[in-house]
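Residue-level listing of the chains:
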Amino acid sequence: MKNLKIKSAILALSLGLMQLLYGCGAASDTDAVETTLNSSETDESTEETEPDVLEGLDLGGETIRFYTSISDYDYETSNNYIEGSGEENGDVVNDAVYYRNLNTEEKLNVELEFIQTDQLWDTIGSDIQKTVMAGDDIYDVVINDLYPLANLSIEGLFHNIKDSEYIQFDKIYWYDDYMNDLTIGNTKMFLLAGDFFIDVIRNAHALYFNKTMLTELGEDPDDLYQLVLDGKWTMDELLRYSQLAYKDLNGDAQIDKEDQFGYITVGTWGSAIPFMISADISFIERDKDGIPSIAMNNERSVTLLEKLNQFFWDSASNSTFAQDEIITRFAAGQSLFVGFQRLGSIDAFRAMEDDMGLLPYPKLDAEQSEYVTSTHDITEVGAIPITCTKTESVCAVLEQLCRETNEVVLPAYYETALKVKYVRDNVSAQMIDIIHDNISIAFPLAYNNKVNGIFLSKCFSDPLTAKKTDFASAYTAAEPAAITALQTIIDTFMENNE
């Protein structure tokens, strides 16, 4: 499950940064540097060096074209971390992106070209489909939303990169588990997720909370953090903390938007998805050939729907706010927790006066072994269209870009921009690590609508909106059409991707 691992170099940088900023380590700065250097020397002398698949590769000045999204729908586009500004400007992250791209061009003797598109998830799929079906070879890599790209992969519009000569899926900069969860069968893989596709990290859901308010309520934020670190952060604990915060601020004896809440969010659809994924229920199971079948009719699903209702319809929760409202009101100190946010949303709280912390989404119960982080269903992943005539060259470039992102961009963005620039305490930095390291479960996000909505909407969001807790009835009603729809997906996939 922990498919997003942090490279040792990044961990070393993190340790050094934390020691400098928080003074929480006994070693001096010099000692920290010495330790890192000595460790590196030891690794080189004791570990065998495996052949580098890119060593000596010269792509002869080829141009690799990226179809990259600049849509700011919902939150800031990740194109700033894909294309960048194209020049140095003094910003740490931008300059890291610039050098990552430059290093890749020089290493492989290629040119990177970025073709921008400003379309939403509901139109980009048809745009790509028309281009590919027309045989137009106008871009080599598509970077766009998970939901439409997953649907297009069923139609046979992308190259299979499962057995690429150059992509090293076992390396920490590729999110192998995440990509495998998007596959149908063991022999094909079409969707790409790795450090270069940084939108996956930026779209990881996180719970932000007001540390100042929590302290004023008589609670120690460190106790809340400790719950997480001890593996005891559950939906019951979230409800308990949320209930501490509710106050009838205007004194009208009515629950309305002017009150102080424990949790505020936007509706019961997108806001509930992170809870559905973090509960770690079994949405699907696979046979020996990797073919998926629906496997969510179990007691954990029953419990999940009950707890969703218990939390969302508690008087301390309010899901009637608009998206811009929840950010404004949370920043103004009107709620202890705010939902429907991701790591990439952290910029929205830059001017917040109260101290802010962040947490992973809770486990369903104490028996759950690990936290699970959901990404948004429109997180941007990659694919290589079948019109591309230089697939292996593209794979080599993507391998190098992921390496360079891990070594150059992530230390700047993940360790510096996220942990140091915006997060205001050392433990919150540990929370980011937990969120980052536990990104998993992509299949229901990608294929929910294609499978009659059974994974997320029909069995959870719809009954939650109607304040119903009967999972069995919802599942029974949705199952026949869902089974037929999933089989259609499988048949179409097999027919189009022989």
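The structure this text deals with has already been given above.
1. Description of the nonpolar core
With 151 residues, the main nonpolar core has Phe66, Trp233, Leu398 and Phe460 as its most contacted residues. Broken down by element, the residue count for this core peaks at 15 residues, all from helix α15 (residues 391-422).

2. A short note on the pattern of salt bridges
Inspection of the entire model under this criterion finds 19 salt bridges. Notably, a salt bridge pairs arginine 300 with aspartate 365, separated by 3.3 Å at the nearest N-O pair. Of this pair, arginine 300 sits in helix α13 (residues 299-312) while aspartate 365 sits in the loop between β10 (356-359) and β11 (380-383), placing them 65 residues apart in sequence. Arginine 300 gets classed as partly exposed once you look at its relative accessible area, which sits at 25%. Counted as one network, the salt bridges with shared partners bring together Arg65, Asp137, Asp140 and Lys390.

3. So, empty space enclosed by the protein
Scanning all chains against the criterion turns up 5 cavities of 30 Å³ or more. Considered as a void within the structure, the largest cavity measures approximately 100 Å³ in volume. Forming the boundary of the largest cavity are 14 residues, of which Ser71, Tyr73, Asp145, Ile378 and Glu380 lie nearest the centre. Classifying every residue of the lining of the largest cavity gives 5 nonpolar, 5 polar and 4 charged. Computed from the structure, the second largest cavity encloses a volume of approximately 70 Å³. Around the second largest cavity, the lining residues are Ser153, Met179, Leu182, Thr183, Ile184, Lys188, Met189, Phe190, Leu191, Tyr447 and Phe493.

4. What to know about the environment of arginine 350
The topology assignment puts arginine 350 in the loop between β9 (335-338) and β10. Distance from arginine 350 to alanine 96, taken between C-alpha atoms, is 22 Å for residues 254 residues apart in sequence. Those residues in contact with arginine 350 that sit more than four places away from it in its chain are Tyr422 and Arg424.

5. Overview of the sheet that holds β11
Strand order in this open sheet of 4 strands is β2-β1-β3-β11, and the pairing throughout is mixed. The sheet is open, and its two borders are formed by β2 (110-117) and β11, each paired with just one other strand. The average angle at which neighbouring strand axes cross in this sheet is 20°, direction not considered. One ladder, built from 3 bridges, connects strand β1 (residues 62-69) with strand β3 (residues 141-145); its direction is parallel.

Criteria and thresholds
- All residue numbers refer to position in the chain's written sequence, counted from 1.
- Selection of residues for local features in this predicted model requires a pLDDT of at least 70, selection of side-chain atom pairs for listing and counting requires 80 or more, and totals for whole chains, interfaces and linings are taken over all residues.
- Hydrogens and water are ignored here; the side-chain numbers use all heavy atoms of the structure.
- Residue types Ala, Val, Leu, Ile, Met, Phe, Trp, Tyr and Cys, when buried and joined through side-chain atoms within 4.5 Å, form a set referred to as a nonpolar core.
- A simple rule labels every residue: compare its accessible area, found with a 1.4 Å probe on the protein chains alone, to the largest value its type can have, and call it buried under 20%, exposed over 50%, or partly exposed in between.
- The helix and strand labels rest on DSSP assignments: H or I over at least four residues marks a helix, E over at least two residues marks a strand, and numbering proceeds from the N terminus.
- We define a salt bridge as a contact between a side-chain nitrogen of Lys or Arg and a carboxyl oxygen of Asp or Glu at a distance within 4 Å.
- Every definition here rests on a 1 Å grid over the protein atoms only: cavities are sets of points where a 1.4 Å probe fits but cannot get out, pockets are open sets enclosed by protein on both sides within 12 Å along at least five of seven lines, and lining residues have some atom within 4 Å of a point.
- Grid points are joined across faces, edges and corners, and a volume is the space filled by probe spheres set on the points.
- Following the grouping adopted for this structure description, the nonpolar residues are Ala, Val, Leu, Ile, Met, Phe, Trp, Tyr, Cys and Pro, the charged ones are Asp, Glu, Lys and Arg, and the polar ones are all others, Gly among them.
- Should any heavy atoms of two residues lie within 4.5 Å, those residues are considered in contact.
- For two strands to be treated as a pair, DSSP must find no fewer than two bridges joining them.
- For helices, the axis comes from a line fit to the C-alpha atoms of the stretch in contact; other axes are also lines fit to C-alpha atoms, and the angle between any two N-to-C directions lies between 0 and 180 degrees.

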